[in-house]
Amino acid sequence: MRTYCLVIDDDNQKNYFEKDIKEVLRKDQIDLVPIYIETKDRIYMKSDHTGFDKSLIEKDCIKAIKEHNCSIVVSDYQIATDKDGFNGLDILNSISDEYPQLYKVLYSGGDIEKAIKKIHRSLSDKIPSDKGKLSDAQIIDAINQLKKMSCINELIKGKGYAESVIKYMRCSPLILQQTFLSQFKDDYPEMVFQSCYPPFKGWKLKAIAEEIEKRTLRGGDFQQALISQIIAYLIETNKDKDE
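Residues numbered from 1 in each chain as written. Predicted model: local features only at pLDDT ≥ 70, side-chain atom pairs only at ≥ 80, totals over all residues. Heavy atoms only, no water.

Comments concerning the overall build of the protein
Thought 1: Within the protein one finds nine helices and five strands.
Thought 2: Starting at the N terminus and walking to the C terminus, you meet the elements of the protein as β-α-β-α-β-α-β-α-α-β-α-α-α-α.
Thought 3: In the protein, which comprises 243 residues, the share counted as buried stands at 39%.
Thought 4: Per element, the accessible surface of the protein, about 14,600 Å² overall, is 52% carbon and sulfur. (Helix = DSSP H or I, 4+ residues; strand = E, 2+ residues; numbered from the N terminus. Buried < 20%, exposed > 50% of the residue type's maximum accessible area, 1.4 Å probe, protein only. Areas by Shrake-Rupley, 256 points an atom, 1.4 Å probe, with all protein chains shown as cover.)

Rendered as structure tokens:
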């Protein structure tokens, strides 16, 4: 089964990913295809050449996730220079705005304690240094920052993120969903849906797959309805066999 992993780093990760992740998962019949975003590529340079443009990196990351329906994202913490003013956590936070449930791994090849201190400072900056009462806007902002950070599933010391990726991919429920969506979008995109879930009656399977990918309420309800009907069918089938 083929699925995709977005890899965000300022260094080339191709050899490491191929040997330590892709080859290992291939033995489990999982074809995990990496999509690389090399953040110090010239295409991400600001027009005035004063550094790298965070918005361009974010745009390409969101585009890659949407086009390939990625199962997991891994990012180095230090993906730019200090003067650029952003890091891997910032990019993952932006991804969480669009894909909060997507599995995300943040790793740091340098001093992980420094990375954690920077994360702490980014939160502390949201709170005034005096002991005055926080405004509603400040409280909401701080909560939103914490919510985004809670979407980071793992924080790893060093570059060795292979173990985390392999472990997740071997037990991920998204593998099943990826297969399901692939058939809807690639194998039967023009087929019109007629039963099981009335709100989608008359929809093309590709459009239904897109609802599931966007994690809309209808998309979630449809999956639940489908699971319920499959379970009912299995129970009924086994009853017949017992008789």
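Alright, that's what it looks like, and here's the rest.
Some words on helix α8 (residues 205-213)
Thought 1: Among all positions of α8, only L205, I208, A209, E211, I212 and E213 are buried.
Thought 2: Remark: R215 follows α8 within two positions and exhibits a positive phi of approximately 60 degrees.

Observations regarding a nonpolar patch on the surface
Thought 1: Residues I227, I231 and I235 make up a contiguous nonpolar surface patch of about 260 Å² in total accessible area.
Thought 2: Inspection of the secondary structure assignment puts I227 in helix α9 (residues 217-242). (Patch = residues over 30% accessible without salt bridge, like charges linked within 9 Å, V, L, I, M, F, W, Y side chains within 5 Å. Salt bridge = Lys/Arg side-chain N within 4 Å of Asp/Glu carboxyl O.)

Concerning the environment of D41
Thought 1: Inspection of the secondary structure assignment puts D41 in the loop between β2 (31-38) and α2 (54-68).
Thought 2: Judged by relative accessible area, which is 34%, D41 ranks as partly exposed.
Thought 3: A polar side-chain atom of D41 sits 3.0 Å from the main-chain amide nitrogen of I43. (Polar contact = N/O pair within 3.5 Å; in protein donor to acceptor, adjacent residues only side chain to side chain.)

A few points about the sheet that holds strand β5 (residues 154-157)
Thought 1: The sheet built from five strands is open, its strands ordered β2-β1-β3-β4-β5 with parallel pairing. The open sheet has two free edges, formed respectively by β2 and β5, since each of these has just one partner strand. On average, each strand axis in the sheet is tilted by 20 degrees relative to the strand beside it, whichever way the strands run.
Thought 2: Bridge count for strand β4 (residues 103-108) against β5 is four bridges, and the pairing is parallel. Directly across from V105, in β5, lies its bridge partner E154.
Thought 3: Across the face of the sheet, helix α1 (residues 14-26) comes into contact with β1 (2-9) and β2 while running at roughly 160 degrees to β2. (Pairing = 2+ DSSP bridges. Axes fitted to C-alpha atoms, helices over the stretch in contact; angles between N-to-C directions. Contact = heavy atoms within 4.5 Å.)

Comments concerning the packing of α1 against helix α6 (residues 162-171)
Thought 1: In contact at an axis separation of 10 Å, α1 and α6 are set at 25 degrees when each is read in the N-to-C sense. Considered as vectors, α1 and α6 are oriented roughly parallel to each other. Considering only the axes of α1 and α6, their crossing is right-handed. Contact with α1, carried on its side by Y16, D20, I21, V24 and L25, involves A162, V165, I166, M169 and R170 of α6 and no other residues of that element.
Thought 2: For the contact of α1 with α6, the residue count by class is eight nonpolar, no polar and two charged. (Parallel < 35°, antiparallel > 145°, perpendicular 65-115°, else oblique. Left-handed = near helix turned anticlockwise from the far one by under 90°. Nonpolar A, V, L, I, M, F, W, Y, C, P; charged D, E, K, R; others polar.)

Describing the packing of aromatic side chains
Thought 1: Evaluation of the coordinates by the stated rule reveals 10 aromatic pairs.
Thought 2: Between the aromatic rings of Y16 and Y161, the centroid separation amounts to 5.0 Å while the plane-to-plane angle is 75 degrees, which identifies the pairing as edge-to-face. Separated by 145 residues along the polypeptide, Y16 in helix α1 and Y161 in the loop between β5 and α6 bring together distant segments of the chain.
Thought 3: Among the residues examined, Y161 registers a relative accessible area of 0% and is labelled buried.
Thought 4: Put simply, the rings of F184, F193, Y197, F200, W203 and F222 touch in pairs and so form one group of aromatic residues. (Phe/Tyr/Trp six-rings, centres within 6.5 Å; stacked < 30°, edge-to-face > 60°.)

Quick notes on unusual backbone geometry
With the exception of glycine, most residues fall at negative phi, and the peptide bonds are largely trans.
Thought 1: At H49, a position not held by glycine, the phi torsion is positive, near 60 degrees.
Thought 2: By secondary structure assignment, the location of H49 is in the loop between β2 and α2.

By themselves, these are just geometric observations and shouldn't be taken as functional.
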